[in-house]
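The lines below spell out each chain.
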Amino acid sequence: MRRPLFNILAIYILGIILAKIHNYILIIILSIILLGLILLYRNKKLIFLLFFFSLLTGYFTGIIHINRESNLSFLENQKVLIQGQVIQPPLIKEDKIEVYIRTDKIVKDGKDYLIEEKVLGNIYFYDESKSNISISEGNIIRFQGRIKLPKEKRNPGGFDYSTYLKTKNVYSTLSIGEESVEVLGKKSLGMVRDNAFNIKANIIKVIEENLSKDHGDLLKGIIFGEKDLDNSIRDNFVDSGIAHILAVSGLHVGFLVSFVYFITKILRISNPFKLIIITMVLAFYIVVTGGVASVIRASIMTWIYLFSRVISKKYDGISALSLAGLIILIPNPLLIFTASFQLSFLAAFSIILFYSPILEYLLKIRFMPPVIGQLLAVTLAAQLGTLPISIFHFHQLSIISPITNLLIIPSLGILLITSIGGICFYLLTPFIGKYLFFLAGFIFQWVLKIAEFFSSLSYSTLSLPPFTIIGLIIYIFVLFIIANYIPIGIKKVKRISFIVLSILVIIHFTILLIPRPLKITYLDVNQGDSAIIETPNKITILIDGGGYPEYQGKRKISKDVLLPALYSKRINSLDLVIISHPHDDHMKGIEELIGEIPIEAIGVFDIDYKYMNDFIEEIRRRGIKVIKLTEGNIIKVDKNISMEVLSPKSNAIIVDEQKDINNLSIVIRLDYNNSSFLFTGDIQEETENTLIDMEKNIKADVLKVPHHGSDTSSSEVFLAGVRPRISIISVGESNNFNHPNPDVVKLLEDISIRIYRTDKDGAVEVITNGDWIRVRHYIN
Amino acid sequence: MSTFDEIKEILRESLFPSDGQCVLCKRLLIFERSPFCFYCMGKVHWIGESVCEKCGKEEIYGHTRLCLDCNYNIHNYHQGIALFTYTREGKKIIQDIKFQGNKKLGRDLGDKLGQKIKTKNWDEIHMILPVPLHPNRERERGFNQSWEIARGITKSISSPLVNNLLIRVRDTPHQTDLTKRERERNIKNAFSVKDQQLVVGKTILLVDDVYTTGSTINECGKVLMDGGAEKVYFAVLAIGQR
């Protein structure tokens, strides 16, 4: 066994994953295999026993952490008075302050509850510009807030906010209006934290005194990973592929350690003292950055490296990384599901694996200066390893990032050294400090300019669908071949690799080509409608796109739900988008999609309506086909799949904007062999009656219940006509319209076999081959 | 070794595996099962089939079945076996074991050596004796490389591994830069058998790291044969070229 720590970590992670997908059968099978191996290989029984325990530990710690719940959950959605202590420096965001609070006392209806729990408070600003309260870590505060339980993953490709907060030991959040916050006093958070936060506050003060706002924010972002940068600057960094310098990572720890190491060398400090000083600096940095996994990881690895020097042993990156992984994951196993942990560990792992092989290739290029080769090798190695993960999370790939990083990383090093030097000197002799800050100003300017220039280039990023599992295996296989870890220089290995690779590629493409069943996903877009249709031959249709109401401000349903869902389904372009009717909760999401994802054609009703006419003009200008849909149209979608437009007639006249537009929603019946789906938009009783009067075929297996289950729709006659086996109500959680109406729900319960509600079940996926129908929902 | 030392060794080896990199080119090892990368595996001069029947060197002189040395000199052992030739790569391997403290490499290669011994039609071996270091040298280095190699051998040859039976009584300088004659003089009377009783009538396997001129093995063989041993074989990792 070459690296037992790595194997233990891998098996431990496997246990956590099995806990998450809740598969105890696999756990039992794997345990039996491991115990069987003990009997087979008696001389290695200790190591298999260790594996067996790692698997079980991973599984059970996973289960324990997944099932942890807030002690405040009995007060969900209630307004309460809370007293507690701010335990970390608050983070100021665009429209709110994020603050971690340890509660002491909760008052509800005159009753006191003494509950101690860490919660995340979102203090929303009274007016949009800026807040006028000032709180800091250590403060005891009292405020009114509404207790909320964070949401789990509700849509395909959606963000699992609940798991994310669980990794921070937070199980409930509070919405707080800033006017209710009262600061009562201040209390110590313990000596270590008090001092660390104190030093941090002083550093920030020095930064703010000496640098302009943009530069200061950037430096704070780089040193502490606080993301309160101006949005446009932030976007520039993201688009030019260097956003990672704004999130504290191993790179930052590397610079910090090199800096400290350099100083200790100048001051001729002896080896053991060096180790002590660096340990203290690392501990300080871990505390001020809030104990982010990436910083802890890099610190542990640095420490192991220095330790290996002291006891003169060969440092092994993979084993050091594995030990760091175990130390971080055992108390907090759910971290493996967060993007930051995955990126940090994979970046480190692939730098260890691929740095030297890539450098070897690069140095073969003539006139390649070694320094540039080394820098390029680091960036390329990190990027190759994190590529599948970053596409999975962010759906895009920065092509120019090796170049931008080549320019940025050395600048970042110089920038950090001058700035940290500036901060240190400023406290001793302000004059030299000021001079260093003055110099740093030029580098800031240069960094910002690079970001601005490269983000302005078109085609700097590529949108890519996530890897399939086989695609991922092929990718890793090829990487290992290129890096020479699979020795294709040996004839036999070359032949076998070639055969395996060809088989994988063939399987990959046949899987992509095999027709799959029809899949319709009714997304949870809060109050609103949206459904994605994927046909067996990969035709994709979107019916409505949801949309947040006006008061939700800058939030976009397309960013939150639609695009992640589409990308996670590997949909890169839409063949047809249908807007049932021009109301925000159906259409706004689609307006947001234009320009974000290629759309072949948009289907709208054939009715003269100002807002729609403007929209049509706009999309025509962008080269998107417009199809006007009227009653009687039949669209052939795919083999054996067609859609019939049942309503509205063309040229209807709108009198009452709200009601008439609802009633003029496009109603579509989709048929696939023996199964049929009815999409009804927001039609009300009037249109329902017209459909029955005209003797339209409205019989369907799956009904999207009209108008979010409102009582103005779903008349008994209509439902009797449809006779749906499955009814789906697309409705927002605790919406202002009291949708769905309980009577409608009751009626549906009498008629259909199953009812799904997006507010309770999350997104609902209906899968059919034209005969059988299967339903899967995202929340249990 | 005490249990505590053993645990310490396991922990140290887990965090700082000594076979994490290729011994020769320092490339990271991942899928390899040996301490060398696939490419360096081919660079080591592994000893093949046609060898000197006496010392196991890959060299045959004229129409005999022996190497030049064994043709003209009489040795105090029966037969010997070696894993690879002491070339540039071979030297690097031995240095890694001795001077980098890579005990695991010694054990792994010892294991290989043991498997090779099994294929030979040798008499049953009663005990395995590593060529000892002088206590001063062993304290300085922290371990005896021959002992580690012998430990590897015991994985496939289940004879008792005996320490402190063959002992070094004289602290001799390094053999490296000496000629054959000087080596013989240097090593003379450096060994002795502690308990003659245990040796009488036994078939013994001597284990050492390198065999160049054979003076060390010869001297040990002489002491053992004088003590009444039945037969002496030897096994080394590296054997010199002519």
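Residues numbered from 1 in each chain as written. Chains lettered and ligands numbered in written order. Predicted model: local features only at pLDDT ≥ 70, side-chain atom pairs only at ≥ 80, totals over all residues. Heavy atoms only, no water.

Draft legend 1. Geometry of empty space enclosed by the protein. All names here are of chain A. Scanning the model with the defined rule gives two cavities of 30 Å³ or more in all. The computed volume of the largest cavity comes to approximately 110 Å³. Residue lining of the largest cavity: 14 residues in total, with Asp-529, Ile-543, Asp-544, Phe-679 and Lys-704 positioned closest to the centre. Mapped by element, the contributors of at least two residues to the lining of the largest cavity are strand E12 (530-534) and strand E13 (540-545). (1 Å grid on protein atoms, 1.4 Å probe; cavity = no way out; pocket = protein on both sides within 12 Å on 5 of 7 lines; lining within 4 Å. Points joined across faces, edges and corners; volume = space filled by probe spheres on them. Helix = DSSP H or I, 4+ residues; strand = E, 2+ residues; numbered from the N terminus.)

Draft legend 2. Structural detail: the sheet that holds strand E24 (residues 764-768) of chain A. All names here are of chain A. Pairing is mixed across the open sheet formed by eight strands, whose spatial order is E16-E15-E14-E13-E12-E11-E24-E25. Single-partner strands in this sheet number two, and they are strand E16 (625-629) and strand E25 (773-777). On average, adjacent strands in this sheet sit at an angle of 20 degrees to one another, irrespective of strand direction. Sitting on the sheet, helix H19 (residues 584-593) touches E13 and strand E14 (574-578), and the angle it makes with E13 is about 125 degrees. Packing against the sheet, helix H20 (residues 610-621) makes contact with strand E15 (599-605) and E16, and its axis sits at approximately 165 degrees to E15. (Pairing = 2+ DSSP bridges. Axes fitted to C-alpha atoms, helices over the stretch in contact; angles between N-to-C directions. Contact = heavy atoms within 4.5 Å.)

Draft legend 3. Region of the structure containing the pairing of strand E1 (residues 79-86) of chain A. Residues and elements named next belong to chain A. Judged by how many residues are buried, E1 sits mostly within the fold: six of eight residues are covered. Direction of pairing for E1 relative to strand E6 (residues 139-148): antiparallel, over a ladder of seven bridges. From the neighbouring strand, Gln-85 faces E6, where its bridge partner is Ile-140. (Buried < 20%, exposed > 50% of the residue type's maximum accessible area, 1.4 Å probe, protein only.)

Draft legend 4. Spotlight on the interface of chain A and chain B. Of the residues lining the interface, 27 residues belong to chain A; the matching set on chain B comes to 23 residues. Interface area, chain A with chain B, both sides summed: about 2200 Å², of which 59% is carbon and sulfur. The largest contributions to the chain A side of the interface with chain B come from A:Arg2, A:Lys314 and A:Tyr485, which together make up 37% of the buried area. Summed over the shared surface of chain A and chain B, the number is two salt bridges. A salt bridge links B:Asp96 to A:Lys314, with the shortest nitrogen-to-oxygen separation between them at 3.5 Å. Along the contact surface separating chain A from chain B lie seven residue pairs in polar contact (both at pLDDT 80 or more). In terms of residue class, the side of chain A that touches chain B is made up of 18 nonpolar, four polar and five charged. (Buried area = accessible area lost by both parts, 1.4 Å probe. Salt bridge = Lys/Arg side-chain N within 4 Å of Asp/Glu carboxyl O. Polar contact = N/O pair within 3.5 Å; in protein donor to acceptor, adjacent residues only side chain to side chain. Nonpolar A, V, L, I, M, F, W, Y, C, P; charged D, E, K, R; others polar.)

Draft legend 5. Seen up close, the pattern of salt bridges. Per the stated rule, a full pass over the model turns up 37 salt bridges over all chains. Linked through salt bridges whose partners overlap, the residues forming this network are A:Arg2, B:Asp19, B:Lys104 and B:Asp108.

Draft legend 6. Focus on the environment of A:Ser460. Turning to its location among the elements, A:Ser460 is positioned in the loop between helix H15 (430-456) and strand E10 (461-463). Along the sequence, A:Ser460 and A:Leu518 sit 58 residues apart, while their C-alpha atoms lie 35 Å from each other.

Draft legend 7. Expanded view of the domain arrangement of chain A. Residue and element names in this part refer to chain A. Its domain assignment divides chain A into domain 1 (4-66), domain 2 (73-187), domain 3 (194-463), domain 4 (469-513) and domain 5 (518-777). Domain 1 puts 13 residues into the contact, and the matching count from domain 3 is 15 residues. For the pair domain 1 and domain 3, the summed buried surface comes to about 1200 Å²; carbon and sulfur atoms form 87% of the total. Seen at the junction of domain 1 and domain 3, the total is zero salt bridges. The interface formed by domain 1 and domain 3 includes one residue pair in polar contact (both at pLDDT 80 or more). Put simply, the parts of the chain that give the side of domain 1 that touches domain 3 at least two residues each are helix H1 (4-20) and helix H3 (45-66). Taken together, the residues of the side of domain 1 that touches domain 3 break down into nine nonpolar, three polar and one charged. (Domains from an automatic or database assignment.)

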